[in-house]
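So you can see what is in the structure, the chains are spelled out below.
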Amino acid sequence: IARTLGILAGALTILGVVWFSRDLHPERPVLSLLAGAFLTLHSGFVAWSTAGLETTLFAFFLLLAAWAYLHYLSTGKRFWLVPVLFVLLSLTRTDGLLFFGLTLAHFAVWGLRRVDLAVLVKRLAAWALVFAALYGVYFAWRYSYYGYLLPNVFYAKIGGGVQQYLRGMRYLWQYARNYGLWVVLLPLAVLLRRKRETWIDYLALLVAVYGVYIAYAGGDGLGFFRFVVYIAPLVYLLVQEGIAALADMLVRRPAWQGRLAGVALAALASVSLLATSQETGMALLRPDSRHWRDPQSQLVFPGRNGSNPYLWYDNYFVDRLAAAARWLDTYAPENALVA
């Protein structure tokens, strides 16, 4: 059931990204498919859709909550939907609290220039109270049961120190390298040069601050860059908009230059998509390039010539833990606790 829901959430996220894009630029139907194509070819996004964890559900709720907030800014409608979606986001994963806090901060800055101060304070307070009332019930139960403000992983996995931060920065660098983000640096730079829309600044704020948090946390020990998958829909919406902005600049050229620029732009988009899919593509086209030897067991993954039955190290790791669990079940004293 968890895997089915993860796949469904992943598919809905891709559809949501396309719908969001079409809503922004109905006059550019082809370019509006780019962000969805990036996610479809993204091995991390696809892999974590099938993992049975909260990854794609969190990405889905983050996209919905951000979309609802931006919809309210542009239309003034569905005011109460915003805190409710951020509650669902935070129930899925505690990181949602960070995104809700960033949204309140963005709304405060945005509203200072557009809304009467008293009205702005009332709206911020209303969102905060709705969020506190709904999330507070869950938080009160969790705190009374566990006795800690944050989930266990915050205490078990995050310690601090220079080595942790360097590990987190390496994690982000490896993601950029493995998924070819260097290819899209030019389109993203174009976004910095032009007068930006509110939604671009807001999504960039969420991505940038969460990127800093990933570096602070030291990245993730699991494969396929799970932490970046949470914000991948927002990242590739910005990439798509950068390519669209570059297209707007180039189509103003004279006829022959415009056609040449169009070919170059299509090539850039194609190379970007290929770079995103290289993790999957290389495993299919050159499987030897993806062999890895576990230093502890000395097994090679994927198994060669029947040397072992495991496709990925993760499958072997789970089996190894299952063997340890069976041993404990057989030999540990009754009612023993394992720390």
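Model, not experiment: these values are computed from the prediction.

Reading the values: the criteria
- Residues numbered from 1 in each chain as written.
- Predicted model: local features only at pLDDT ≥ 70, side-chain atom pairs only at ≥ 80, totals over all residues.
- Heavy atoms only, no water.
- Helix = DSSP H or I, 4+ residues; strand = E, 2+ residues; numbered from the N terminus.
- Buried < 20%, exposed > 50% of the residue type's maximum accessible area, 1.4 Å probe, protein only.
- Contact = heavy atoms within 4.5 Å.
- Core = buried A, V, L, I, M, F, W, Y, C linked by side-chain atoms within 4.5 Å.
- Bend = angle between axes of the 7 residues up to and from the residue.
- Polar contact = N/O pair within 3.5 Å; in protein donor to acceptor, adjacent residues only side chain to side chain.
- Salt bridge = Lys/Arg side-chain N within 4 Å of Asp/Glu carboxyl O.
- Axes fitted to C-alpha atoms, helices over the stretch in contact; angles between N-to-C directions.
- Left-handed = near helix turned anticlockwise from the far one by under 90°.
- Nonpolar A, V, L, I, M, F, W, Y, C, P; charged D, E, K, R; others polar.
- Phe/Tyr/Trp six-rings, centres within 6.5 Å; stacked < 30°, edge-to-face > 60°.
- Lys NZ or Arg CZ within 6 Å of the ring centre and 35° of its normal.
- pLDDT = per-residue confidence, 0-100.
- Parallel < 35°, antiparallel > 145°, perpendicular 65-115°, else oblique.

## Quick look at the overall build of the chain
- The helix and strand tally for the chain stands at 16 helices and 2 strands.
- For the chain, the C-alpha atoms occupy an extent of roughly 75 × 55 × 40 Å along the three principal directions.
- Looking at the chain as a whole, 42% of its 339 residues qualify as buried.
- Look at the contacts in the chain between residues 6 or more apart in sequence, and 70% of them connect residues 24 or more apart.

## Here's the deal with the nonpolar core
- Ranked by internal contacts, the top residues of the largest apolar core, which has 84 residues, are Phe86, Phe99, Phe107, Leu203 and Tyr236.
- Sorting elements by how many residues they give to this core places helix α4 (residues 55-75) first, with 14 residues.
- Residues contacting phenylalanine 99, with those up to four places away along its chain left out, are Phe58, Leu62, Phe86, Leu89, Leu206, Tyr210 and Ile231.

## Some details on helix α7 (residues 117-146)
- The sharpest bend along α7 reaches about 40° and sits at glycine 136.
- For α7, the complete set of buried residues consists of Leu120, Leu124, Ala126, Trp127, Phe131, Tyr135 and Arg142.
- Where α7 is buried, its residues touch α4, α5 (81-92) and α6 (96-112).
- Structurally, the start of α7 carries an N-cap: the backbone nitrogen of alanine 118 is 3.1 Å from a side-chain oxygen of aspartate 116.
- Positive phi appears at glycine 147, one or two residues downstream of α7, with a value of about 80°.

## As for the pattern of salt bridges
- Tallied over the entire structure, the rule returns 4 salt bridges.
- When the shortest N-O distance is used, the salt bridge between glutamate 54 and arginine 93 registers 3.1 Å. Taken as a pair, glutamate 54 in the loop between α3 (43-49) and α4 and arginine 93 in the loop between α5 and α6 lie far apart in primary sequence, 39 residues in all.
- Relative accessible area serves as the criterion here: at 17%, arginine 93 is assigned to the buried category.
- Note that aspartate 95 and arginine 93 form a salt bridge whose closest N and O atoms lie 3.0 Å from each other.
- Ionic contacts of the salt-bridge type, sharing partners, join the residues Glu54, Arg93, Asp95, Asp220 and Arg226 into one network.

## Some remarks on the packing of α4 against helix α11 (residues 198-217)
- For the pair α4 and α11, the least separation of the axes is 11 Å and the interaxial angle reads 145°. When you trace α4 past α11, the crossing you get is right-handed. Mapping the contact onto sequence places Leu62, Ala66, Tyr69, Leu70 and Leu73 in α4 and Thr198, Trp199, Tyr202, Leu203 and Leu206 in α11.
- Residues of the contact of α4 with α11, tallied by class, amount to 9 nonpolar, 1 polar and no charged.

## Focus on the packing of aromatic side chains
- Enumeration according to the criterion identifies 43 aromatic pairs in this entry.
- Consider the rings of tyrosine 148 and tyrosine 155, whose centres lie 5.3 Å apart with planes at 55°: the pair is tilted.
- Taken together, the ring pairs in this structure connect Phe58, Phe99, Tyr171, Tyr175, Tyr179, Tyr210, Tyr213, Phe225, Phe227 and Tyr230 into an aromatic cluster.
- When the ring centre of tryptophan 48 is taken as origin, the NZ or CZ atom of arginine 226, which lies over that ring, is 5.7 Å away.

## As for the side chain of histidine 42
- Take histidine 42: it is sitting in the loop between α2 (34-40) and α3.
- On the basis of relative accessibility, which here comes to 0%, the residue histidine 42 falls in the buried class.
- Reaching out from histidine 42, the side chain makes a polar contact with the backbone nitrogen of glycine 44 at a distance of 3.2 Å.
- If near-sequence neighbours (up to four positions away) are discounted, histidine 42 is found in contact with Tyr175, Tyr179, Val229, Tyr236 and Thr276.

## A look at the environment of valine 184
- Assignment of secondary structure puts valine 184 in the loop between α9 (162-178) and α10 (185-193).
- Linking valine 184 and valine 271, residues 87 residues apart in sequence, is a C-alpha distance of 9.3 Å.
- Apart from residues no more than four positions distant in its own chain, valine 184 is found in contact with Val239 and Ser272.

## Quick look at the confidence of the model for the chain
- Of all residues in the chain, 97% have pLDDT values of 70 or greater, and the mean over the chain is 90.
- In the model of the chain, helix α15 (residues 278-285) stands out as the element of lowest mean pLDDT, 78, in contrast to α5, which has the highest, 98.

## Digging into the packing of α9 against α11
- Here α9 crosses α11 at 130°, and the two axes come no closer than 6 Å. When the interaxial angle is binned, α9 and α11 end up oblique. In contact with Gln164, Tyr165, Arg167, Gly168, Met169, Tyr171 and Leu172 of α9, α11 contributes Gly211, Ile214, Ala215, Tyr216 and Ala217.
- A breakdown of the residues in the contact of α9 with α11 according to their chemical character gives 8 nonpolar, 3 polar and 1 charged.

## Side note on the environment of glutamine 240
- Structurally, glutamine 240 can be placed in helix α13 (residues 232-250).
- Residue classification places glutamine 240 among the buried residues on the basis of a relative accessible area of 5%.
- Separated by 106 residues in the primary sequence, glutamine 240 and leucine 134 have C-alpha atoms spaced 35 Å apart.
- Contacts of glutamine 240, omitting those with residues within four sequence positions, involve Ser21, Leu31, Ser32, Leu33, Leu34 and Ala35.

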